[in-house]
Amino acid sequence: MNDDIRYEKNGHVATITLDRPQARNALTPRMLCLLADAFVDFRADANLRVAILTGAGELAFCAGGDLATTLPLMTGDRAPADAFEHRMLADPLVLAASSLRDFALHKPVVAAINGACMAAGFETMLGTDIRIAAAHASFGLPEVQRALIPFAGSMVRLPRQIGHARAMEFMLTGRPMDAQAALQCGLVNHVVPADQLMAKAREVALQVAANGPLAVQAVKQTVMEANGVPLDVGYRLEDRAKKAVFASADAREGPRAFMEKRSPDYQGR
């Protein structure tokens with residue numbers, strides 16, 4: 001897409017790379033706009049079924065919002081200086097899509113966490129669905145140490161994902177955790193050697209992409225919408241998904257291919 005955000009498509013899999021390794025992939029207003037654009041395009045492209053989100057280099061997945069540009073702009077410490085900065089402040093979709101917060105995306109996103117995953121980078125990671133971490137990765141929400149708060153979903157999502165007590169200690173102290181601790185508390189799915197990270201992420205992404213896309217998206221949509229609702233409401237959401245998916249051509253193709261001992265040809269309809 002450009003120098004700071006690389007957006008690549010390979011078959012049914014998109015790869016989005018935060019590519020500012022000299023600054024630990026810290027997010028500038030320009031990067032936030034372009035990251036949002038990448039997720040919007042991924043959502044709209046009918047051929048894409050799963051995305052991998054990662055960072056360039058070996059030091060950081062994302063160190064958070066850039067302290068020299070993004071944070072002063074958000075606090076009002078300086079005025080916007082270019083079109084991207086004006087857009088970041090004026091267009092609510094930029095922060096919603098770039099953080100995967102309050103942004104309806106039913107296609108799965110796999111995070112390949114190649115190093116430090118901090119602040120805004122951590123918050124976007126919370127919006128992903130399957131997470132693979134390099135063994136040297138670390139995770140942190142240090143905002144309170146700077147008299148700020150994590151405002152892109154962590155206060156709502158983190159307690160639901162790892163439990164109240166763990167989430168509160170993590171957010172209130174600002175202390176980081178390492179990859180093994182993240183694995184133990186269920187924040188990530190796998191921890192692998194750094195040189196195996198992208199291979200593992202692609203393996204998982206291809207497994208997801210090989211499945212029926214309507215079924216995969218219905219599972220994600222239902223899980224997201226049923227989070228926190230009463231059981232009876234959740235069951236109605238399941239019923240809605242079942243009705244839609246079972247009426248599709250893919251739902252007939254899957255069992256037929258199994259009985260005929262061949263690979264299914266899912267068309268997403």
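Now for a quick tour of the structure.

Rules behind the numbers
- Residues numbered from 1 in each chain as written.
- Predicted model: local features only at pLDDT ≥ 70, side-chain atom pairs only at ≥ 80, totals over all residues.
- Heavy atoms only, no water.
- Buried < 20%, exposed > 50% of the residue type's maximum accessible area, 1.4 Å probe, protein only.
- Helix = DSSP H or I, 4+ residues; strand = E, 2+ residues; numbered from the N terminus.
- Pairing = 2+ DSSP bridges.
- Right-handed = clockwise from strand over helix to strand, strands pointing away.
- Expected span 1.5 Å × (residues − 1).
- Contact = heavy atoms within 4.5 Å.
- Axes fitted to C-alpha atoms, helices over the stretch in contact; angles between N-to-C directions.
- Salt bridge = Lys/Arg side-chain N within 4 Å of Asp/Glu carboxyl O.

### Observations regarding the pairing of strand S3 (residues 50-55)
Within S3, six of the six residues are buried, which leaves the element mostly enclosed by the surrounding structure. Residues of S3 alternate between two faces, with Val-50, Ile-52 and Thr-54 on one and Ala-51, Leu-53 and Gly-55 on the opposite face, all of them buried. The pairing of strand S2 (residues 13-18) with S3 spans six bridges and is classified as parallel. Among the inter-strand pairings, Leu-18 is bridged to a residue of S3, identified as Gly-55. Crossover connection from S2 via helix H1 (residues 29-44) to parallel S3: handedness right-handed. Relative to strand S5 (residues 109-113), S3 is paired through four bridges, and the arrangement is parallel. In the sheet register, Ala-51 faces S5, and the bridge partner there is Val-109.

### Here's the deal with helix H9 (residues 197-209)
The terminal C-alpha atoms of H9, which comprises 13 residues, lie 18 Å apart, in line with the 18 Å expected from a rise of 1.5 Å per residue. Next to the buried residues of H9 lie S2, S3, S5, strand S7 (130-134), strand S10 (190-192) and helix H10 (213-226).

### Re the sheet that holds S10
With mixed pairing, six strands are arranged side by side in an open sheet as S1-S2-S3-S5-S7-S10. This sheet does not close on itself; its edge strands, each paired only once, are strand S1 (5-10) and S10. The sheet shows a mean angle of 20 degrees between the axes of neighbouring strands, taken without regard to direction.

### Points about the pattern of salt bridges
For the coordinates displayed, the defined rule picks out 17 salt bridges. Between Glu-169 and Arg-175 there is a salt bridge, and its shortest N-O distance comes to 2.6 Å. With its nearest N and O atoms 2.6 Å apart, the salt bridge here joins Glu-225 to Arg-240. Of this pair, Glu-225 sits in helix H10 while Arg-240 sits in helix H11 (residues 231-246), and the two are 15 residues apart along the sequence. We classify Glu-225 as partly exposed; its relative accessible area is 33%. Taken together, the salt bridges that share partners define one network made up of Glu-253, Arg-256, Glu-260 and Arg-262.

Geometric values such as these leave the question of function open.
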